[in-house]
Amino acid sequence: MLTPTLIKLPQLKDPRGSLSFLESQNHIPFDIRRVYYIYDVPAGESRGSHAHKNLCQLFIAMSGSFFVKLDDGLGNLYDFHLSNPSEGLYIPSGYWRELNRFSSGSACLVLASLPYDEGDYIRDYDVFKRYKSNG
Ligand code: TYD
């Protein structure tokens, strides 16, 4: 998958509550090498403002909600509102992202295809545009 995609995850609902799950290479198209999460985001703050050269990710709104804007640097823009723990936003490598409008108490779980590497980040938007337009 080369474009951002909302992936519906299995959801088992019964009177005791709901359970969702996912497996690498089955429900998501990469092996999970790292997990992190974003939480306690103050009202009005945003996260992101970078792209990754090689990293693929899945974002899940474990609680609450937030907005994700994606930009491929070539004129294609994508807007998502994540609020459902039974779906995940797959973000391939090479997308500039902005996360904002976090609701109070929200938490974003991120499953990532690679260990943390600052060298995989592009944190300057003009550098990102040049990187993408050079193929
Ligand atoms: P960053 O990815 O810029 O956060 P966000 O996209 O939510 O705005 O990371 C913020 C800081 O945390 C940065 O100094 C790098 C560090 N960090 C790690 O050390 N390990 C990790 O796995 C992640 C995701 C970030």
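Structure: see above.
Reading the values: rules and limits
- Residues numbered from 1 in each chain as written.
- Predicted model: local features only at pLDDT ≥ 70, side-chain atom pairs only at ≥ 80, totals over all residues.
- Heavy atoms only, no water.
- Near = heavy atom within 4 Å.
- Polar contact = N/O pair within 3.5 Å; in protein donor to acceptor, adjacent residues only side chain to side chain.
- Areas by Shrake-Rupley, 256 points an atom, 1.4 Å probe, with all protein chains shown as cover.
- Helix = DSSP H or I, 4+ residues; strand = E, 2+ residues; numbered from the N terminus.
- Nonpolar A, V, L, I, M, F, W, Y, C, P; charged D, E, K, R; others polar.
- Salt bridge = Lys/Arg side-chain N within 4 Å of Asp/Glu carboxyl O.
- Buried < 20%, exposed > 50% of the residue type's maximum accessible area, 1.4 Å probe, protein only.

1. Some points on the site of the ligand
- The immediate surroundings of the ligand are formed by Arg-34, Tyr-36, Ile-38, Arg-47, Gly-48, His-50, Tyr-116, Tyr-121 and Arg-123.
- Between an oxygen atom of the ligand and a main-chain N or O atom of Gly-48, the distance comes to 3.0 Å.
- When isolated, the ligand has an accessible area of 530 Å², and the protein chains bury 62% of it.
- Elements represented by at least two residues in the shell around the ligand include exactly β4 (34-39) and β5 (47-52).
- Its residues assigned to classes, the shell around the ligand comprises four nonpolar, two polar and three charged.

2. Quick word on the pattern of salt bridges
- In total, this model carries three salt bridges according to the counting rule given.
- We note a salt bridge from Arg-16 to Asp-14, for which the minimum N-O separation is 2.7 Å.
- With a relative accessible area of 78%, Arg-16 lands in the exposed category.
- Take Asp-14: its relative accessible area is 34%, and that puts it in the partly exposed class.

That is the geometry; function is a separate question.
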